[in-house]
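Take a look at the letters that make up each chain.
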Amino acid sequence: MYLKPRTLDQAVSLLATTGGQILAGGTDFYPALGERLPQGNIVDITALDEIRGISIEGNYFRIGGLTTWTQVIRTPLPPCFDALKAAAREVGSVQIQNRGTVAGNLCNASPAADGVPPLLALDAEVELASGEGRRRVPLGQFITGNRRTLRGQNEILTAVLVPRRMEEAASAFLKLGARRYLVISISMVAAVVQADGRWVSEAHIAVGSCSASAQRLGTLEKDLGGVLAAPGIGEAVRAEHLLPLSPINDARATADYRRDASLTLVQRALEACVGRH
Ligand SMILES: Cc1cc2nc3c(=O)[nH]c(=O)nc-3n(C[C@H](O)[C@H](O)[C@H](O)COP(=O)(O)OP(=O)(O)OC[C@H]3O[C@@H](n4cnc5c(N)ncnc54)[C@H](O)[C@@H]3O)c2cc1C
C-alpha cells in the first residue's frame, strides 16, 4: 500500500499501524531496490511541509527533516555552515540535490554519506518523532555503523539541530574521489575552526569514508587548541592523529592510500579555515 500523509501526526500514526517504510526524496530508497519492487507499505512523507526548511530555534539551527540539499545551498547561513553547503554541492548532481534530503542521507547511514562529516563537526543532534513523542540523539551516537542507526521503525527524523555556539567559526569540506563529479568518495573531511584572536580556541575535525561511520579526530582537536590560526596550521597534523580511522581496501582505494590522502585533506581543510586555499 502507498500512503501519503499530510501531517506529521498522521505520518507517525500510519507508521505505527502499518509498519511502513519511509520514503522521502527516494534517491537512496529506489536505487537500493535494484530491479525489485518495494515490499510492504510505503509512507511517503514528502507532503509534510511542517518539517521542511531551515530556521532558528533558540540556541539551535533547525534543519527540518524534509530539507533538500538545494535548500541547504540556497539558505543564507553563517560561516560554520560553509562545510555543509560545500558537501551539499557535492551530493550527486543538481537533480539529486533537488530531491535528496539531509535526513535521508543520515538515515541511510552510508559510510560515504557526504552530509555526515560536516554535521558531526558541528556537534549536530537529530530529533526523532513517533507516536510516543520526540527524542533527541547526538548524531555521533545516532549512526552506529555501516547503514545502521538508532532510529526505531516507527520514528521519523523530524530535524537536525545544530548548536549556535560556534556559528561564526570558519568551516571547510573537502571530498576526494576518482573523478570530480558524481562520485562516491575515497575520503572526505570537514573542519570547523573557532579562533580567539590569533589562536585556535576550538577545532572540530571529522573524516568520512575511512571507517564504518564518519569519525571525529579527538586527539587532533585537543592538540589544535592554542595553535596559531594562520597559514601553516596544517603542520600540526601528524599521522597518529588519524588512528581513530579504520579504512578498508576496496575497488576505490587501498587502506594505505585512504590514510595518506586523509592526512593531506585534513591539513588542507584546516588551511582553508584559516584562509589559505
Ligand atoms: C545518482 C546518485 C548520486 C548520489 N550521489 C551522492 C553523493 O555524492 N553523496 C552522498 O552522500 N549521497 C549521494 N547519493 C545518495 C542520496 O542522494 C543521498 O543520500 C540523499 O540525501 C538521500 O535523501 P533522500 O531524501 O532521497 O532519501 P530516501 O531515498 O527517500 O531515503 C533514504 C533512507 O532514509 C529513510 N528516510 C528518509 N527520510 C527519513 C526521515 N525523515 N526519517 C526517517 N527515515 C527517513 C528512508 O526510509 C530510507 O531508508 C546519490 C544518489 C544517487 C541516485
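Everything below is about the structure shown above.
Remember, it's a predicted structure, so these values are computed and weren't measured experimentally. (Residues numbered from 1 in each chain as written. Predicted model: local features only at pLDDT ≥ 70, side-chain atom pairs only at ≥ 80, totals over all residues. Heavy atoms only, no water.)

Caption draft 1: View of the overall build of the protein. In terms of regular secondary structure, the protein is built from ten helices and 14 strands. For the protein, the C-alpha atoms occupy an extent of roughly 55 × 45 × 30 Å along the three principal directions. Long-range pairs, those at least 24 residues apart, make up 61% of the contacts in the protein with a sequence separation of at least 6. Carbon and sulfur atoms make up 50% of the accessible area of the protein, which totals about 12900 Å². Side-chain charges of the protein comprise 29 positive and 27 negative groups, with the mean position of each set lying 4 Å from the other. (Helix = DSSP H or I, 4+ residues; strand = E, 2+ residues; numbered from the N terminus. Contact = heavy atoms within 4.5 Å. Areas by Shrake-Rupley, 256 points an atom, 1.4 Å probe, with all protein chains shown as cover. Lys, Arg positive; Asp, Glu negative; His and termini not counted. Charge placed at Lys NZ, Arg CZ, Asp CG, Glu CD.)

Caption draft 2: Geometry of the site of the ligand. Around the ligand lies a shell of 33 residues, among which Ile-22, Thr-27, Asp-28, Phe-29 and Thr-101 are the nearest. Ala-24 has a polar backbone atom sitting 2.8 Å from an oxygen atom of the ligand. Here an oxygen atom of the ligand sits 2.6 Å away from a polar atom, N or O, in the side chain of Thr-27. Here the ligand has 980 Å² of accessible area as a free molecule, and 85% of this is covered by the chains. Residue assignment for the shell around the ligand shows that the elements contributing at least two residues are strand S2 (21-23), helix H2 (29-33), helix H6 (102-108) and strand S10 (156-163). In the shell around the ligand, the residues fall into 17 nonpolar, ten polar and six charged. (Near = heavy atom within 4 Å. Polar contact = N/O pair within 3.5 Å; in protein donor to acceptor, adjacent residues only side chain to side chain. Nonpolar A, V, L, I, M, F, W, Y, C, P; charged D, E, K, R; others polar.)

Caption draft 3: Representation of helix H10 (residues 255-273). Here H10 is 19 residues long and its end C-alpha atoms lie 27 Å apart, about the 27 Å a rise of 1.5 Å per residue gives. All of the buried residues along H10 are Ala-255, Arg-258, Ala-261, Ser-262, Leu-263, Leu-265, Val-266, Ala-269, Leu-270, Glu-271, Ala-272 and Cys-273. Those residues of H10 that are buried lie in contact with strand S11 (170-176), strand S12 (187-196), strand S13 (199-208) and helix H9 (218-224). Trailing H10 by a residue or two, Gly-275 shows a phi angle of about 110°, which is positive. (Expected span 1.5 Å × (residues − 1). Buried < 20%, exposed > 50% of the residue type's maximum accessible area, 1.4 Å probe, protein only.)

Caption draft 4: Main features of the sheet that holds strand S5 (residues 60-64). Strand order in the open sheet formed by five strands is S4-S5-S10-S6-S7, with antiparallel pairing between adjacent strands. Of all strands in the sheet, those with a lone pairing partner are strand S4 (54-57) and strand S7 (133-138), marking the two edges. Averaged over all pairs of adjacent strands, the angle between their axes in this sheet comes to 30°, without regard to strand direction. As defined by bridge partners, strand S6 (residues 125-130) adjoins S7 across six bridges and the pair is classed as antiparallel. (Pairing = 2+ DSSP bridges. Axes fitted to C-alpha atoms, helices over the stretch in contact; angles between N-to-C directions.)

Caption draft 5: Local environment of the side chain of Glu-90. Along the chain, Glu-90 falls in helix H4 (residues 82-90). Residue classification places Glu-90 among the buried positions, given a relative accessible area of 17%. Here the side chain of Glu-90 touches Arg-180 through a polar contact of 3.5 Å, side chain to side chain. When neighbours within four sequence positions are excluded, Glu-90 is seen to be in contact with Gln-97, Asp-114, Phe-173, Lys-175 and Arg-180.

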